[in-house]
Amino acid sequence: MTVTLRPATEGDLMAVGALHQRSRVATYSAFLPAEALADPTPEAMGRYWVERWIWERDTHRMTVAERAGAVVGFSHLGPDDEDDPATGLLNAIHLDPAEQGRGVGRTLMVDALDAMRAQGWRRAVLWVLRDNAHARSFYERGGWTPTGAEREEHIGTALTPQLRYTRLLDA
């Protein structure tokens with residue numbers, strides 16, 4: 001059964017939130033404590049996306065991947081968080097844990113890069129958790145390289161170091 005991509009709708013956001021939380025727990029539990037991942041609940045994460053959608057739907061793009069009518073992944077992108085008008089920010093690619101290794105992440109990344117090019121951006125950036133070796137390898141295989149910039153943000157109770165990656169968007 002193949003995966004199809006389509007623009008997200010408001011009706012997808014609760015499913016996106018639940019998937020986002022499942023993805024975080026499955027992936028981040030290798031390097032973050034369980035208590036850091038206990039919150040938010042899948043429902044709370046869905047409400048987070050509903051609220052975020054209100055403010056970003058005109059400036060950001062969310063794409064969902066579906067298999068057999070179920071959301072199995074999503075990407076979210078928008079303008080650069082450092083206000084560079086030539087740069088787009090890939091905010092997220094998350095997959096249902098059962099979809100890991102099936103090509104869905106790569107399909108979402110190719111689609112996101114194409115959307116960034118169509119937006120007129122010449123460069124893409126993203127932030128990735130420093131300790132998320134799987135994601136870092138995924139992005140590096142896709143042509144992304146670390147910029148040397150770092151930041152720290154909380155996931156639950158855990159302060160998480162993040163690395164900024166970049167990739168040129170060839171025409």
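This structure is a prediction, so every number in the text was calculated from the model and none was measured. (Residues numbered from 1 in each chain as written. Predicted model: local features only at pLDDT ≥ 70, side-chain atom pairs only at ≥ 80, totals over all residues. Heavy atoms only, no water.)

### Describing the overall build of the chain
Regarding its fold elements, the chain presents five helices and seven strands. Walking the chain from its N terminus toward its C terminus, one meets helices and strands in the order β-α-α-α-β-β-β-α-β-α-β-β. Seen along its three principal axes, the alpha-carbon backbone of the chain occupies a region of about 40 × 35 × 30 Å. For the chain, the proportion of its 171 residues judged to be buried stands at 47%. As presented, the chain carries roughly 8,800 Å² of accessible surface, and 52% of it is formed by carbon and sulfur atoms. (Helix = DSSP H or I, 4+ residues; strand = E, 2+ residues; numbered from the N terminus. Buried < 20%, exposed > 50% of the residue type's maximum accessible area, 1.4 Å probe, protein only. Areas by Shrake-Rupley, 256 points an atom, 1.4 Å probe, with all protein chains shown as cover.)

### A few points about the pattern of salt bridges
Any two side chains of opposite charge can pair, so long as their charged atoms come close to each other. One pass over the full model with this rule turns up 16 salt bridges. Put simply, Asp81 and Arg151 hold a salt bridge, and the shortest N to O gap is 3.7 Å. Residue Asp81 is located in the loop between β3 (70-79) and β4 (87-95), and its partner Arg151 is located in strand β6 (residues 145-155); the two are separated by 70 residues in the primary sequence. Take Arg151: its relative accessible area is 27%, and that puts it in the partly exposed class. Residue Asp84 pairs with Arg123 through a salt bridge whose shortest N-O separation is 4.0 Å. In this pair, Asp84 sits in the loop between β3 and β4 while Arg123 sits in strand β5 (residues 123-129), placing the two residues 39 residues apart along the sequence. (Salt bridge = Lys/Arg side-chain N within 4 Å of Asp/Glu carboxyl O.)

### Some thoughts on the packing of aromatic side chains
The description of two aromatic rings rests on the distance between their centres and on the angle between their planes. Inspection of every chain in the model, using the stated rule, returns five aromatic pairs. Ring centres of Tyr28 and Phe31 lie 5.8 Å apart, and the angle between their planes is 45°; on these two criteria the pair is classed as tilted. Relative accessible area serves as the criterion here: at 11%, Tyr28 is assigned to the buried category. Centroid distance Tyr48 to Trp49: 5.3 Å. Interplanar angle 75°. Geometry classified as edge-to-face. Owing to a relative accessible area of 39%, Tyr48 belongs among the partly exposed residues under this scheme. Taken together, Tyr48, Trp49 and Phe74 form an aromatic cluster joined through their ring pairs. (Phe/Tyr/Trp six-rings, centres within 6.5 Å; stacked < 30°, edge-to-face > 60°.)

### Topic: helix α3 (residues 42-56)
End to end, α3 covers 21 Å across 15 residues, agreeing with the expected 21 Å (1.5 Å per residue, within 8%). Residues of α3 that are buried sit in contact with α1 (13-28), β2 (61-67), β3 and β4. (Expected span 1.5 Å × (residues − 1). Contact = heavy atoms within 4.5 Å.)

### Details of unusual backbone geometry
Note: most residues except glycine have negative phi, and most peptide bonds are trans. A cis geometry characterises the amide bond from Asp39 onward to Pro40, with omega recorded as 0°. Looking at where Pro40 falls in the secondary structure, it is placed in the loop between α2 (34-37) and α3. A positive phi angle, near 55°, is found at Ala68, a position not held by glycine. With respect to the element layout, Ala68 can be found in the loop between β2 and β3. Although it is not a glycine, Asp83 sits at a positive phi angle of roughly 65°. Tracing the sequence through the fold places Asp83 in the loop between β3 and β4. Take Asp83: its relative accessible area is 70%, and that puts it in the exposed class.

### Brief notes about the packing of α1 against α3
Interaxial distance between α1 and α3 falls to 7 Å at its minimum, and their mutual angle equals 125°. When the axes of α1 and α3 are compared, the pair comes out oblique. α3 is crossed by α1, and the crossing has right-handed handedness. Contacts between α1 and α3 involve Leu13, Met14, Val16, Gly17, Ala18, His20, Gln21 and Arg24 on the former and, on the latter, Pro42, Glu43, Met45, Gly46, Arg47, Trp49, Val50 and Trp53. Taken together, the residues that form the contact of α1 with α3 break down as nine nonpolar, four polar and three charged. (Axes fitted to C-alpha atoms, helices over the stretch in contact; angles between N-to-C directions. Parallel < 35°, antiparallel > 145°, perpendicular 65-115°, else oblique. Left-handed = near helix turned anticlockwise from the far one by under 90°. Nonpolar A, V, L, I, M, F, W, Y, C, P; charged D, E, K, R; others polar.)

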